[in-house]
Amino acid sequence: MKSLQGVLTLAVVAIAFSATDASGAYFGAASYRHCAGTTPASYCCAKQQCYTTTKTCKEVVYDQQQYTCYKTVYDTVYDEQTVDCVKNVRETHFRECNYTVCKPVYETCYRTVNYTVCKPVYETRTKDVCYTVCRPVWETRTKDVCYTVCKPVYETYTKDICYTVCKPVWETRTKDVCYTVCRPVWETCSKDVCYTVCKPVWETRTKDVCYTVCKPVYETSYREVCQTICRPVHYTKTVQVCSGHWDTQVTECPGPVITKVIQEPGCWVWDPCRCCCVYQPGECRTVEVQCPPRRICRKIWVPEVEERVINCVRYEQDVVTKQVPYTTCRMIPETRTKTCTYRVCHMTTEQCVKTVHYKRCHMVPEQVVKTCTYKVCHMVPEKCVKTVTYRKCHMVPEKVMKTCTYKVCHMVPEKVVKTCTYRVCHMVKECCTKQVPYTTCRYEQVTCTKRVPYTVCTPVHYTKTIRVPRCVPRQVPYTVTRCVPRVVCKQVPVTVCCPAPTCCDERRKGCSTCG
């Protein structure tokens, strides 16, 4: 854009110089008015002439270039190493301990216990229960229903048709034929029908019932139980743990060397043929440029072995005596009364009315006209007569009566007596005697000897082989694509305006003063 503005500025300057020369030639001694046989200058000499020229422009183009880089990959390798270890081996020893035990001696005794038992005595009783039942009584009735039916009556008629037979020239003719059709018309009627419905009415009643329930009574007792428990003993020990950490290593790699195209600055040169200044671009040359360096970070595993103190627990057995509760149960009879609820049903009659819909048909005669199409053939002129027979239907209304049968239900109340049997329970007290055993306990001291086990830990040295991890670096090649800039010179068309040189040449030819 700046180059185009420079070209336009130079063109304006050149036009100003050419205008100055023209005015000096016109107002000075070498004026065109002193020339013999000359004509005044025309408008074409004063206007500018525009033409198109080319300009060299630079454009940056990026080319893709692939190069190989290397990155460090760490592989984990395990080395076998022999380590001295110590483990504690438990050995069980026994020692004799004397202790005194109170040994219980149990004796069974009996005592007489008097108790009262309520013995149930059942008595069967009967009672008469009166209730009313509605018994349905069906009655058959009949009624006469009158309705009208249209009965079809057919009549046969004949008529003569005259036609002429001639040469085979067919002619189509039409005629209207009238006939009667009976169309059914349906009418919807309704009537009310009365009927009786038995509606149940429920009544709730209650009665008391006696029954016996055995109620449990629980008693809690205690007994001594010996139990072996494990008591924890805490201690510490030192172990070696393999660990490590990651270190970051930074490596600086020099940047790649790329080839860059640069262009020398150009200059403006006056072109006498075009009567303007033309820009000449500089030469393009190739220069090698090195890119800035880049830093590569990688992680390295540093193994370490450290000693740690851990807490351990071992369990020792101990005998403990504790009181254990237990529960005994005995049943006590108890008389209770509960109220039972039952329902009794009574049937109540109720009159209902419903509407019944039915359809009745009437036949209505209707006149219909249809157009009949027929052909007439003209042959040899000959007249013929043809008798046609047709039928006509008349609907004659006729009254018909039919008898309908229906049933009517009447509910007749009827008393019924039924005998109900039920049982009555009476509790009768009865005295009984029973021998109840009980146990008497007395303690006797007895000296016993027992072997008490105890554990002794003996250190045992042994060697074992462990796998120690180690990171081994290796270089892995990979391909990287980068964009390399390149300057390309191309010719761009530019439009330049200046005075036309042909007008000046014509003026020089017509004027003898112009040298």
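If you're wondering where the values come from, they're calculated on a predicted model, not measured in any experiment.

Draft legend 1. Broad picture of the overall build of the protein chain. Each helix and strand counted, the protein chain has 3 helices and 6 strands in total. Taken from N to C terminus, the helices and strands of the protein chain fall in the order α-α-β-β-β-β-β-β-α. A buried classification covers 9% of the 515 residues belonging to the protein chain.

Draft legend 2. Here's a closer look at the environment of Lys383. Summarising the element assignment, Lys383 is placed in strand E6 (residues 294-499). Separated by 221 residues in the primary sequence, Lys383 and Cys162 have C-alpha atoms spaced 6.8 Å apart.

Draft legend 3. Layout of the pattern of salt bridges. Summed over all chains, the structure comprises 19 salt bridges. Of the charged contacts in the structure, one is a salt bridge between Arg274 and Asp271, with a shortest N-O distance of 3.5 Å. With relative accessibility at 35%, the residue Arg274 sits in the partly exposed group. Notably, a salt bridge pairs Arg308 with Glu306, separated by 2.7 Å at the nearest N-O pair. Accessibility expressed as a relative area gives 33% for Glu306, which makes it partly exposed. Overlapping salt bridges bring together Glu107, Arg442 and Glu444 as one network.

Draft legend 4. Molecular detail of the side chain of Thr56. Of note, Thr56 is situated in strand E1 (residues 48-253). In terms of polar contacts, Thr56 uses its side chain to reach the side chain of Gln491, at 2.8 Å.

Draft legend 5. Structural view of the pairing of strand E3 (residues 267-271). Pairing of E3 with strand E4 (residues 276-280), which is carried by 5 bridges, proceeds in the antiparallel orientation. Paired with Asp271 across the strands is Cys276, a residue of E4. What sits between the antiparallel neighbours E3 and E4 is a turn of 4 residues, in which Cys275 has the positive phi angle 65 degrees.

Draft legend 6. View of the packing of aromatic side chains. All chains considered together, the criterion is met by 2 aromatic pairs. Over the ring of Tyr478 we find Lys71; its NZ or CZ atom is 5.8 Å from the centre of that ring. Lying across the ring of Tyr78, Arg467 places its NZ or CZ 4.4 Å from the centre.

Draft legend 7. Expanded view of the state of the cysteines. A complete count under the given rule lists 0 disulfides for this structure. For the unlinked cysteine Cys384, the closest cysteine sulfur is that of Cys162, found at 9.3 Å.

Draft legend 8. Quick look at the side chain of Gln263. Here Gln263 lies in strand E2 (residues 257-263). When its relative accessible area of 16% is taken as the criterion, Gln263 is described as buried. From its side chain, Gln263 meets the backbone oxygen of Gly282 in a polar contact 3.4 Å long. Sequence-distant contacts of Gln263, defined by excluding residues within four places in its chain, comprise Thr56, Lys58, Pro281, Gly282, Glu283, Cys284 and Cys489.

Draft legend 9. Main features of unusual backbone geometry. Of note in this structure, Cys275 is not a glycine but carries a positive phi near 65 degrees. Mapped onto the elements, Cys275 comes out in the loop between E3 and E4. Taking relative accessible area as the criterion, Cys275 reaches 25% and is therefore assigned partly exposed.

Draft legend 10. Geometry of the environment of Lys386. Note that Lys386 resides in strand E6. Looking at Lys386, the relative accessible area reads 46%, which means it is partly exposed. A sequence separation of 226 residues divides Lys386 from Asp160, and the C-alpha atoms of the two residues are 5.4 Å apart. With residues up to four places along the chain from it excluded, the contact list for Lys386 reads Lys159, Asp160, Ile161 and Tyr163.

Reading guide: rules and limits
- Residues numbered from 1 in each chain as written.
- Predicted model: local features only at pLDDT ≥ 70, side-chain atom pairs only at ≥ 80, totals over all residues.
- Heavy atoms only, no water.
- Helix = DSSP H or I, 4+ residues; strand = E, 2+ residues; numbered from the N terminus.
- Buried < 20%, exposed > 50% of the residue type's maximum accessible area, 1.4 Å probe, protein only.
- Salt bridge = Lys/Arg side-chain N within 4 Å of Asp/Glu carboxyl O.
- Polar contact = N/O pair within 3.5 Å; in protein donor to acceptor, adjacent residues only side chain to side chain.
- Pairing = 2+ DSSP bridges.
- Phe/Tyr/Trp six-rings, centres within 6.5 Å; stacked < 30°, edge-to-face > 60°.
- Lys NZ or Arg CZ within 6 Å of the ring centre and 35° of its normal.
- Disulfide = S-S within 2.5 Å.
- Contact = heavy atoms within 4.5 Å.

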